[in-house]
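Coordinate analysis (summary)
The primary structure of each chain is shown beneath.
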Amino acid sequence: MSEHEAFDRMMVVEVETGSLAVAGSPRTSGVDQEHVAALAVVQTPLPPITVHRPTMRVIDGLHRLRAAELRGERKIAVKYFDGAEEDAFVLAVESNVTHGLPLSTADRKRAAARIIASHPQWSDRMIASVSGIAAGTVADLRRRESGGGADQGSRIGHDGRVRPINGAEGRRIASELIAQNPTLSLRQVARVAAISPETVRDVRNRMMRGEDPLTRRGRQARGGDGTAAAAPRLGRAPSAVLAKDSAQDRAAAVKRLKADPALRFSEIGRTLLRLLSVHSISVEEWEQILDKVPPHCRGVVAYLAKESAEMWSEVAVRVQSKVAETA
């Protein structure tokens, strides 16, 4: 459930129609009287309308409200939304795009521009998905609103993950991951590098052709002079970036976490500390463990290790996204 859906879908209450506000709709043309008349003669109960509880403003269902009033009904079924007004507007747009009387193209563009202003951290695709226009159109609106300035930082995608606006750093990390272990899947590399699997595919193909994994635009965004850097070759030694944290550094980091009361005095915190402690052992200790794995168990151990690695990669990405949210 997305952040703008912070309401109980199962909780429906009866509300006086006169207590509801109708301002702030993304539909600038107002109520369509023909649509109201068509709804008013429907014999089966209409779906509940959605109302922003703090303001009692109708988010979704204005035509159903007017139809109820036309039938002389004093109460209407309501689902409440308790989020911020900015998220209430997003929900209103999304609701009017996916069902009911659709918004006009002009209304959708105006709504997208407003969402860009209220949710600048959202990606173009995410805004496009709720406003019902193309991601390229959202990008054009964003450039127009920003005066054509360069994008910096990162954005939250439709899948909830934080990705850099310019993928140069992600491409660099991906190239080093691929160089270290060419057998990694596209999704495994994408999770760690915070780029899309298709971008990872492009990086891998460039490396196989001996080309720079960074695009020209990416090099310029990083402040380069446009000269192609030497591309990492498949099968080279692990990079310094991947090996920078020694076992001693990891153990010290875990020791610092163990001193934090927020983790020590909660069951979930202690579970996390135990999991992290397992991975703070030295390379020598890992070698001893691997040497003692019975031959008939190696396949299962390899499978579980690979699955655990993917899970920890996912944990890293999700925790890092929370760091970005609170930065």
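For the structure itself, look to the data block above.
A short tour of the structure in this document, coming up. These numbers come from a predicted model, not from an experiment. (Residues numbered from 1 in each chain as written. Predicted model: local features only at pLDDT ≥ 70, side-chain atom pairs only at ≥ 80, totals over all residues. Heavy atoms only, no water.)

Quick look at the pairing of strand 2 (residues 49–52)
The test is simple: Burial here depends on accessible area, computed with a 1.4 Å probe over protein chains only, as a share of the maximum for the residue type. Under 20% is buried, over 50% is exposed, and the range in between is partly exposed. Elements are defined by DSSP. Helices are runs of H or I of four residues or more, strands are runs of E of two residues or more, and each kind is numbered from the N terminus. Two strands qualify as a pair provided that DSSP identifies no fewer than 2 bridges between them.
Because side chains alternate across strand 2, one face comprises the buried residues I49 and V51, and the other comprises T50 and H52, equally buried. Examined bridge by bridge, strand 2 and strand 4 (residues 75–81) share four bridges and lie parallel to one another. Residue pairing across strands places V51 opposite Y80, the latter belonging to strand 4. Of the pairings in the sheet, the one linking strand 2 to strand 3 (residues 57–60) comprises three bridges and is antiparallel in character. Bridge pairing in strand 3 places T50 opposite D60. In this antiparallel pair of consecutive strands, strand 2 and strand 3, the connection spans four residues, and M56 shows a positive phi of 60 degrees.

A short note on the pairing of strand 4
Taken across its seven residues, strand 4 has five buried, putting it largely inside the fold. Where strand 1 (residues 13–16) lies against strand 4, four bridges are found, and the strand directions are antiparallel. Among the inter-strand pairings, E16 is bridged to a residue of strand 4, identified as K75.

A word on the pattern of salt bridges
Cut-off, in case you're wondering: The salt bridge definition used is simple: a Lys or Arg side-chain nitrogen within 4 Å of an Asp or Glu carboxyl oxygen.
Scanning all chains against the criterion turns up 14 salt bridges. Ionic pairing is found between D107 and R110, a salt bridge with its closest N-O pair at 2.8 Å. Of this pair, D107 and R110 are both found in helix 4 (residues 105–118), three residues apart, which corresponds to roughly one turn of the helix. The class for R110 is partly exposed, based on a relative accessible area of 46%. Here E198 ties to R201 by a salt bridge, and the two come within 3.3 Å at their closest N and O atoms. One end of the pair, E198, and the other, R201, are both in helix 9 (residues 197–208), three residues apart, so they sit about a helical turn from each other. For E198, a relative accessible area of 51% gives the class exposed.

Some points on unusual backbone geometry
Phi at M56 takes a positive value of approximately 60 degrees, unusual for a residue other than glycine. Topologically, M56 is positioned in the loop between strand 2 and strand 3. Residue classification places M56 among the buried positions, given a relative accessible area of 19%.

Focus on the packing of helix 3 (residues 85–98) against helix 4
Spelled out, the test is: Inter-axis angles, ranging from 0 to 180 degrees, are taken between N-to-C directions of lines fitted to C-alpha atoms, where helices are fitted over the stretch in contact. The scheme is simple: roughly parallel for angles under 35 degrees, roughly antiparallel for over 145, roughly perpendicular for 65 to 115, oblique for anything else. Crossing handedness follows the turn of the near helix against the far one: under a right angle anticlockwise gives a left-handed crossing, and clockwise gives a right-handed one. In this analysis, two residues are considered to be in contact whenever any of their non-hydrogen atoms come within 4.5 Å of each other. Here the term charged refers only to Asp, Glu, Lys and Arg, the term nonpolar to Ala, Val, Leu, Ile, Met, Phe, Trp, Tyr, Cys and Pro, and the term polar to all other amino acids, Gly among them.
Close contact between helix 3 and helix 4 brings their axes to 10 Å; oriented N to C, the two are set at 150 degrees. In terms of orientation, helix 3 and helix 4 fall into the roughly antiparallel class. Read as a crossing pair, helix 3 and helix 4 show a hand that is left-handed. Residues E86, F89, V90, V93 and V97 of helix 3 pack against R108, A111, R114, I115 and S118 of helix 4. Counted by class, the contact of helix 3 with helix 4 contains six nonpolar, one polar and three charged residues.

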